There are 2 protein chains.
Amino acid sequence: MIPISDIKTYFTTLQDKLCTAITDIDGENFIQDDWTRELGGGGRTRIIKGKIIEQGGVNFSHIYGDTLPQAATLARPELAGCSFQALGVSLVLHPHNPFIPTTHMNVRFFIAEKLRCAPTWWFGGGFDLSPYYPNREECIHWHHTAKTLCEPYGTNVYPHFKKNCDDYFYLKHRNEARGIGGIFFDDLNEWGFESCFSFIKAVGEGFLTAYLPIINKNKQRTYTPAQKDFQCYRRGRYVEFNLLYDRGTLFGLQSGGRTESILMSLPPVVHWCYQWQAQANSPEAALINEYLPAQDWV
Amino acid sequence: MIPISDIKTYFTTLQDKLCTAITDIDGENFIQDDWTRELGGGGRTRIIKGKIIEQGGVNFSHIYGDTLPQAATLARPELAGCSFQALGVSLVLHPHNPFIPTTHMNVRFFIAEKLRCAPTWWFGGGFDLSPYYPNREECIHWHHTAKTLCEPYGTNVYPHFKKNCDDYFYLKHRNEARGIGGIFFDDLNEWGFESCFSFIKAVGEGFLTAYLPIINKNKQRTYTPAQKDFQCYRRGRYVEFNLLYDRGTLFGLQSGGRTESILMSLPPVVHWCYQWQAQANSPEAALINEYLPAQDWV
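A. Geometry of the interface of chain B and chain A. On the chain A side, the residues contacting the 30 residues of chain B number 30 residues. When chain B packs against chain A, close to 2,600 Å² is buried across both sides, 60% of that on carbon and sulfur atoms. Taken as a group, Glu-260, Trp-272 and Tyr-274 of chain B account for 31% of the area that chain B buries against chain A, more than any other trio of residues on that side. Here chain B and chain A share two salt bridges between them. Among the salt bridges present, the one from Arg-174 of chain A reaches Glu-260 of chain B, with a minimum N-O distance of 2.7 Å. If you look at where chain B meets chain A, you find 15 residue pairs in polar contact (both at pLDDT 80 or more). Among the elements of the structure, strand 1 (31–36), strand 2 (41–48), helix 6 (225–244), helix 7 (247–254), helix 8 (259–262) and strand 10 (269–271) of chain B are those that each provide at least two residues to the side of chain B that touches chain A.

B. Region of the structure containing the sheet that holds strand 6 (residues 120–130) of chain A. Residue and element names in this part refer to chain A. Pairing is antiparallel across the open sheet formed by seven strands, whose spatial order is 1-2-3-4-5-6-9. Strand pairing shows two members of the sheet lacking a second neighbour, strand 1 (31–36) and strand 9 (181–188), which therefore form its edges. Each strand axis lies, on average, 5 degrees off the axis of its neighbour in the sheet, ignoring direction. Alignment of strand 5 (residues 102–113) against strand 6, held across eleven bridges, turns out to be antiparallel.

C. Up close: the relation of the copies chain B and chain A. Of the transformation placing chain B onto chain A, the axial shift is 0.0 Å and the rotation is 180 degrees, giving an RMSD of 0.0 Å. Overall, the copies show the geometry of a two-fold rotation axis. Among all C-alpha atoms of chain B, that of Val-270 of chain B lies closest to the rotation axis, at 2.5 Å. Both copies present the same face, since 100% of the interface residues in chain B are matched by interface residues at the equivalent positions in chain A.

Rules used in this analysis
Residues numbered from 1 in each chain as written. Chains lettered and ligands numbered in written order. Predicted model: local features only at pLDDT ≥ 70, side-chain atom pairs only at ≥ 80, totals over all residues. Heavy atoms only, no water. Contact = heavy atoms within 4.5 Å. Buried area = accessible area lost by both parts, 1.4 Å probe. Salt bridge = Lys/Arg side-chain N within 4 Å of Asp/Glu carboxyl O. Polar contact = N/O pair within 3.5 Å; in protein donor to acceptor, adjacent residues only side chain to side chain. Helix = DSSP H or I, 4+ residues; strand = E, 2+ residues; numbered from the N terminus. Pairing = 2+ DSSP bridges. Axes fitted to C-alpha atoms, helices over the stretch in contact; angles between N-to-C directions. Least-squares fit on C-alpha atoms with pLDDT ≥ 70 in both.

Just distances and angles here, no functional claims.
Here it is in structure tokens:
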């Protein structure tokens, strides 16, 4: 028997913890919108427009229904006719300061059930970092934190989930990674429920360990209008990824999800500019040539 | 025998004419990039960052190959193994002034050929308008121009292509039209080549008749920072449409098109804001409630 209420309790507690940690640094509170889904379930969307976080959201949702949407059963026809529940916490933070990277974190659980059958369930999630003016030590810290939390689950876990992340957050039309990666996993059930759930908790905790020091190290740094422009230009890549490729975004919008909660992932101010080119040997060129290509960080 | 070189000559001449007309009003010249496509063909991309047009492009391309990309033959399996040519002119203009609407215009020709078979060919295209602070007379003028150019081809042409446009430029996840429409058509060959080609020319000319007076009427108007913000916010819908739905954009990016030429359609500065709401009875509410819902304009 899968203890769904325990997962739900953990996810809502995690949402609280993430928001509290961000508010502690930022000084600004989140606003909260509770919403319900006509076909079953609902969510708790929290949005911050802060002093450090220019725009960000930490969303919890729990949706369920008697039958899976058709889009979901195309890839897994064995789930046709199942009732389902999907729970998750999603975080996206777009800081003002271009020295603080944009980040994304997600943990989610899915279960499909049919009478007289064992349920099908899995966890998914991860976290990834999209810096503008990256710092090598911070990238190493980010990946080291990810590796450390994965280690109790097997030595191959971090390399596997790190590669998933590099493969997933990739803009094919730009031949470019969205950021410096992190970990990404889906369909996780092979370790059994208890281990998977404890791993998910480690991801939730690990995210703050990975990200908060990077905010703290950079939040006082001053930046030029040109550096802010570069951040706004690079945010365009974030929009392109989320609207062209991100499965969660596309599935959410196609399946009648709450548009404003899904698109809270988009940055507050974005620039597009034809044929923008970094100057040779500039920090902007370093991001693209040295940091974004997938590499071993730990 | 389809005179492809005549179409190409017309399209490049149209590109010149459009650019000249815009430069005459704006004062700024277009920059030009010629590019070639590894698999066959190439294009001439022209970009303006002007005094009236904040960012815009007028692109010509002519691509060809010995076999159609697989993505193109999925919907039309009878074209498998055909050689093909695709030619087109695409225009997108994002003005500085929020009283001048964003506009998009496109004309295109496609032909697929196989030995000892009659070629398969069609034209497509249209133009549509995305205002921020619309004016009823200008919307009527826009649609009246479209209707007038369609009339020689049959009384049903404008209503049919106008409805295509309303259906196509629609953001399902917002339950909202991208703009006030215009005309949109594809797979056009049923009138025979001569009539179709002369219609395409009428669309090319008609666009300037429809749009230039709207620039001229509004280019001197002053606007507030709040009105500029609203324009930037609404431009987000333009991005969402192009990256989530636009077939030309998605097909171009998926088939290895020139990314910078395709994404020149995206606006220079865009804002996203959670749960933005227009004030009751404001001009911003009028756009959404009075102008965007599909309606009979002529």
